[in-house]
Structure formats: structure tokens, C-alpha cells
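What the coordinates show
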Amino acid sequence: MIENSVKKLVIEKLNKEFGNDITNLSKCKDLCKKLAEEKEKIEREIIKASADLTSPETINEFNDTSVTVDEITKQFSELCKVVKEKDSCNCESLIGQQENIIRIQELEQGLSYLRCVRTIQDHSTNIEMFLASRSESEAVTEFRLLSQMCGRLHTSSCHHLITFLSDTVHHWHNLLKDMFSEQLDEVLKSAGWPIVSSNILITPPLDIMAKFQIIVKHLLNIQLPPELSPSPTVTSSLLSNFPPISLPINLLIRPLRKRFIYHFCGNKETNKPEKTEWYMTQVVNWIRDHESFVMSWVQPVYNQTQRTKMSAKVELMQGLVQLVVDKLHGDMPVLMTNDVWFSHMVDETLGFDKQLRECYCYPETLPSAITVLTQAHVFVKWIHMERKYARDKMDHILSSENAWNEVTGHEELRITEAAEAFLTLLQTMTDRYSILPQPGHRLQFVELQLELVDELRVRLLQLLHSERQDPLDSQLPAILNTAAYIIEVLHEWGASPQFLMLQHYKSQLESAGKTLSSLESATLKQGTLFDNTLSLLQHLVQELVDVLCEAVMMEVKARSRPYRKDVWFAMNYETTLTPSACPMFQVLVSKLHSLQSLLASCLFTLAWQSVATQLCTFLLEELVLQNRFNEGGAKQLEQDLNRSLIPLFHQYTQKPEAYFLPLKEACALLNVRPPPPEWSKGKYDKPPMEIHHLTRELVREVIQRRADVIPDLI
């Protein structure tokens, strides 16, 4: 009946407007304009009424508006039908009237917005009704429907509708939040929250905690979506990096926040910028004391509401860490004016962050107090302080009376106290910067470490200027051990995943803008971060090893003169060592023993190998090639070599003869039976035995040393 009456009313209105002339539809514009004005009037009334959603006057206005909306909707529907019917009857007369149809469609869209307003009013009425009847769960359900509607319409082109809907959602959200917050405060008092002493064991009644969990669930359900959540007021830009915290945890942290501000941000004696450990320790204690509560009573509610990605413990830690970040950031201008305070603050902040991550599993993906230290001006100050204190520490290490004493328990490595202290300095620095989230910051610390290593190398060279007169009886071996041990440790560090990742990051920075071929070449030559520094240190080690070996050879050469000047051309063969060789062999054994007792095992290996090689060359050039040998002298030299000299090195290697092969081949040539005349006249290309380590010229010279060979025939 109602639909027929509305249809009849619309037809009568159209007949009155158009009469019998159905081709004259220009009056549609006026009609559409009139209806549009009515629509805008209704919208203004709705926006005005949204200022006080709960007043009786507003409810009445909404009811009246809703009736008007329904009537206009029906009239529009009938109008559109009639226009379409007329259009079908006389299409040619309506060709120029397309804009009228478009206008009608726009008005239809406007009416759909008005229907949304009616729906919003219905949800608001239901919320008020459920709250009046203490049906809180139903009220929360209605609010969720309202907020979901807001999420669907947030891209709508009707700004009035979006504003009205957003204001409505915020109104009910604030009302529900305040109501549940009051209830939560009452329950928390009964449950003993917050815990003010670790000695208090909370055993809340089950009925209290059941009510607590219901409130937490309601608070989670009225959580506003991100697009509706107001931007939090932050005192530091660093706090904007933290993700939002859920409403229940925010309310749980509220009493702790008040205590933090009271003790550490006011006029209390506990508010001292230089005492950063006071408030950091307090925050750690709060996390420790309240961890069990939130995991036992809050986390199950999160799991039940399908918020599996949310961790009540992590959110609690995050909220408390934000207090530390805000406090630390505010105190930084004061802390940077005093180097002692600043250094202490850095140590405490790093320790605080490390404790959270290692003891309480604070996620690495979340910002922490470290973000305060990595601000540009603070980080520059930090690097400067690290360099200053590291250099002061190096001065103390190298000037110590015990700097070159060996650390007990490391006989093979011969680690000096200076080496151990310096590497401890570097390792401590690594432990501090390794927790920095940005590789660029860590890489700057590595460059500082490389700078310190090179500075140590320069200082060692300066110390060596006064230690070269008597190398074996000086600090040179200890300095050599120090450099060698640092090389070994840096090799291990460079191959560790931590430094390999930094090397990869550095290579990516350096390869930016390079061609593909140069990138491939750079990848093959990537190496480690310490390669350049290790190359310089290894050069220093090799130089010092050469100095020690030269000192040993000088002694050996000095004592070898009687042996070299013996009568080898008229010597009788004896089964014992040649007497004139005893002084040389004695000093050789003594010096090798001294080197073994002074140097690390790896360094001593380099030293004795170098001494053996040099001794072989020396005896070949200064003994064999400078004397003539009869049969007895040749056999005596071969016996000295095989039974005395080579066995002397057998304690260092299983194949010591490998270092005396040229000298062994020379002795073999001296002891071979006289060569046939054909060979001496040059008719054969090679001697009557295999020679691999002497050149043809040396072979001829050695054979010339035989007393039974005429030099002119060779």
C-alpha cells in the first residue's frame, strides 16, 4: 500500500511538472537541483548532530532524518523509473538529456551515503542500549561492527560521511576505553599490580583474574585500526620508530610509567643524568618481576582472540624500553658535556641492551636504547671516545714493566702480556659494537680497530730501533711473538661470519657504479677486512725473523773459520766429527736452543728452516768451493754432514736432509770415483750420477775441488 501511494505521488508530481509535453525534460535539471539541495541540507543536519551523539535531541533528529531519507529514497526510485519509461517512449527527444540521468545517478549515490548514516545511528543506539543494560560484550560487538564499517568506507569520496563516521567511532571508543580502564584499575589493585618488590609473590584469586581476562579481551576488541588510531604524542623522534602497543599492555604499563616519571624525570634525588644505571636497572627489574604475570594471564587472551603474532611479554618490554629511550635522549645534551659521564653511559646502555636480548629475548627487529647512541652527533662522539681511550690504553700497555713477559700456560704461542692486553682491548670493542643493528656503524668501528693495529705496528718498529745490537738478548723476540700472535688472531677473526658479512657489505659499497667485469674481479679478490693490515704485520714478522737468523749465522760463521780452513787436501778419514767443527756446531746448537726457548713454535720453525738453508749455502760456497779435497777430506766432510749436521736438525723435522740437498750433492760429487776421461773431455752431457740441485757450472766447480782432478782438463 505504501509503495503504491508513493508511486502515485511521484506520477502526479511528474505530470504536474511535464504535462502532456514529454519531450520537454529540461525541467529535470530543476527537479534534480531541488532534490540535491534537500540532500545537502540533510547532510548538514547530520554533521551538526554528530557533535553530541548521546543527547536525546540528537536521537530525535536522527529519527526524523531517517524518515526523510526513506521518503526521498522511494521518491527517487519512482522518479528514475518514470524517466526511463519516458525515455523508452521517445528516445529521439531525450538525446540531449544525458546529464540529467547522470545527475540522478549521483543523487542515488548520495542517498546510499545517507543509508550509511542511518546504519551508523542504529549501531550507536544499540551500543547505548547495551551499555545501559550492562551488556558489555554486545556493546563491544556493535562497536566492532561500527569500526569495520569505517574500515570499508575510509576511501569513500563523501568527506562528510567519513568525518561523521570517524567521529562516531572515536566517541564510542573513548567512552568504552574509559569504562574498561576504570574496571581494569579496580581489578589490578585486587591482583597486586604493579609489583613494587621482587619479594612479593602474587597469588591473585581466580575470580578476579577471570574478570581481568574478560576486560583484556574487551580492550583488544575495541582496539582501533591503524587508519583510525590517533598519532601518539612523542617527545623524541626516536619513539616514532616503535610499533604501536596494544591497548591492554598500554594500560598495564601506565602505573609503571607514572613511577618512572616520578623517580627519574622530576626533582627527586634519583634523577641524575650521570646515573643511567639507576633507571635501566629499575626497568630490567620491572621486566623480571612482571614477566610471569603477563605470560600467565594476558598471553592466553591474546591467543584466544587469534592474535597469535602478538606477545604480551615483548609488548611489555617495548613499552618500558620506550621510557628508557625517551629519558636517555633527553639527558644526552648533558651527558655529552662530560667525557666520563658519556663513556659510562655508553657502557651502561650497551649492557642494558645486551641483558634484554640475552636474558629476556628482546627481539632484534625492535628499536632499543642503542638507537640513541647511533644518532649522528652521538655516534661521532662515541667513536671519538673509543679512539681516545684505546690510545691511552695502548700507552699504558706498552709502557708497562711486564709488557713483554710471557703469559703462563701458552708455551707454544709465547703470548706476551702486551699482546694479550691489546687483543683484549680490541675484543672488548668488538663486543660493544657487535650489537649495533646497522652494518655501516659496525664497519666504522672495524676501521678504528685497523687503525689501532697499524698504530701498534708503528710503535713496535720504534721500539726495535734500540733492540738490534744483540737481538737474542733483547726484547726483539718478545716483540716478534707479539706481532705473530696478533696476526694469528686477526686471521681467525677475518674468517668468522661476523667479519665476513661486514667485508661483503663493504665490498658492495665499494662496487657501487662499477662494471660487471670489475665486479667479478672484485668478488674474486674480496679477501677479508684485515688483509692489508695483516700484510704489513707479516712483513714486520719476516723482517724480525731475518734479523734473528742473521744474528745466529754471524756467530756460526765466526766460529766456522777453523773448520773452513782445515787441511782438507791432506786429511785422513776419521769416524768421528772433525775437531775443528766442534766450535761451530756448539754455537749452532746453543743459538737454536735459545731461539726455541724464546720464540713461538711457528716462528721457531721459520727461524731454523732459514738457518739451515743459509748454513747449507754458506758451507757450499765458503768451504767446498774454497778448498781442495783428497779422498780422506771428502769422506770426512760427507761424514760431518750426514752424521752430525743433518741429525742436529732431526729434532725439528723428520726429513732434515731436505734443507741440505745442494751440500749433499756436492759431497757426493767429491766422493765419487774418478770420472772417465771421456766425461772430463766433455763427450758426455751429464755426470755419472743424478744431480738435481746444482747447476752445471756448480757441478764443474765442485769437481774441480777434487785433488785427483786436473783443473785444466775440466
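As a starting point, this report considers the structure included with it.

Thresholds applied
- Residues numbered from 1 in each chain as written.
- Predicted model: local features only at pLDDT ≥ 70, side-chain atom pairs only at ≥ 80, totals over all residues.
- Heavy atoms only, no water.
- Salt bridge = Lys/Arg side-chain N within 4 Å of Asp/Glu carboxyl O.
- Helix = DSSP H or I, 4+ residues; strand = E, 2+ residues; numbered from the N terminus.
- Buried < 20%, exposed > 50% of the residue type's maximum accessible area, 1.4 Å probe, protein only.
- Contact = heavy atoms within 4.5 Å.
- Phe/Tyr/Trp six-rings, centres within 6.5 Å; stacked < 30°, edge-to-face > 60°.
- Lys NZ or Arg CZ within 6 Å of the ring centre and 35° of its normal.

According to the stated counting rule, one finds 17 salt bridges in the structure shown. One salt bridge connects Lys 327 with Asp 331, and the closest N-O pair in it is separated by 3.0 Å. Residue Lys 327 and its partner Asp 331 are located together in helix α10 (residues 312-335), separated by four residues, close to a single helical turn. Lys 327 sits in the buried class, given a relative accessible area of 7%. Between Asp 353 and Arg 357 there is a salt bridge, with its nearest N and O atoms 2.9 Å apart. Pair noted here: Asp 353 and Arg 357 are both in helix α11 (residues 339-360), with a separation of four residues, about one helical turn. As far as the burial class goes, Asp 353 and Arg 357 line up, both buried. Through salt bridges that share partners, Arg 387, Arg 391, Asp 395, Glu 451, Glu 455 and Arg 459 make up one connected network.

With respect to the element layout, His 173 can be found in helix α6 (residues 159-191). What makes His 173 buried here is its relative accessible area of 8%. Setting aside its immediate chain neighbours within four residues, His 173 contacts Phe 143, Ile 222, Leu 224 and Leu 247.

The next subject is the packing of aromatic side chains. For any pair of aromatic rings, the description consists of the separation of the ring centres together with the inter-plane angle of the planes. Using the criterion set out here, one finds 19 aromatic pairs in the structure. Ring geometry for Phe 260 against Tyr 279: centres 6.0 Å apart, planes inclined by 80°, an arrangement best described as edge-to-face. With a gap of 19 residues between them, Phe 260 in helix α8 (residues 247-264) and Tyr 279 in helix α9 (residues 276-304) connect regions that are remote in the sequence. Looking at Phe 260, the relative accessible area reads 1%, which means it is buried. Tyr 279 gets classed as buried once you look at its relative accessible area, which sits at 1%. Here the aromatic cluster, defined as three or more aromatic residues joined through ring pairs, consists of Phe 604, Trp 608, Phe 649, Tyr 652, Tyr 659 and Phe 660. Over the face of the ring belonging to Phe 342 we find Lys 381, whose NZ or CZ atom lies 5.8 Å from the ring centre.

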